[in-house]
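Architecture at a glance
Okay, here's what each chain looks like letter by letter:
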Amino acid sequence: SLCTDIGRNRTSCLSWVAAFQMLLVGIWNGGLSDEAVEEMANSNLHVMRFLGLSLEDEVADHSVLSRSRTRLTIAAWVGMAYWSKSITKFSGSMLL
C-alpha cells in the first residue's frame with residue numbers, strides 16, 4: 001500500500017488497486033486534479049461505490065494519489081521494458 005504523512009500525526013494510505021481506480025476516476029471525468037478526485041470520492045456516491053468505500057470510510061489524501069501516479073508510471077515503464085526484452089528474446093529464438 002501507499003502511505004504518506006498528512007500532518008498532526010496522521011497517515012493516509014491507499015492500496016495499489018484503489019490508487020489505480022482513483023486515477024481512472026480523474027481521467028474519466030475530464031482529467032480532474034488530484035484534489036478534485038479526492039473531493040469527488042468524498043461526495044459522489046457512484047464514485048464511492050466504484051472505489052468500494054462506505055460513507056464512514058476515509059478517502060486517501062490527494063498527496064497519496066499524486067505519489068501513487070508517479071509510482072504506477074515507473075512500474076508501468078519497468079514492466080514495458082521487461083515485456084519488450086522478453087518479446088525480443090522470443091522473436092530471436094524463433095529465427096533459429
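Refer to the structure printed above.
Residues numbered from 1 in each chain as written. Predicted model: local features only at pLDDT ≥ 70, side-chain atom pairs only at ≥ 80, totals over all residues. Heavy atoms only, no water.

This part covers the overall build of the chain. When its secondary structure is counted, the chain shows four helices and two strands. In the chain, the order of α-helices and β-strands from amino to carboxyl end is β-β-α-α-α-α. For the chain, the accessible surface area stands at approximately 7,000 Å², while carbon and sulfur atoms represent 60% of it. (Helix = DSSP H or I, 4+ residues; strand = E, 2+ residues; numbered from the N terminus. Areas by Shrake-Rupley, 256 points an atom, 1.4 Å probe, with all protein chains shown as cover.)

Glancing now at the nonpolar core. Among the nonpolar cores identified, the biggest contains ten residues, and these are Met22, Leu23, Val25, Val37, Met40, Ala41, Val47, Leu51, Val59 and Leu65. Only helix H1 (16–28), helix H2 (34–43) and helix H3 (45–51) provide two or more residues apiece to this core. In contact with Val25, not counting residues within four places along its chain, are Val37, Met40, Val47 and Phe50. (Core = buried A, V, L, I, M, F, W, Y, C linked by side-chain atoms within 4.5 Å. Buried < 20%, exposed > 50% of the residue type's maximum accessible area, 1.4 Å probe, protein only. Contact = heavy atoms within 4.5 Å.)

Let us now look at the side chain of Glu38. Examined against the element boundaries, Glu38 turns out to sit in helix H2. Discounting chain neighbours no more than four positions away, the residues touching Glu38 are Met22, Val59, Ala60, Asp61 and His62.

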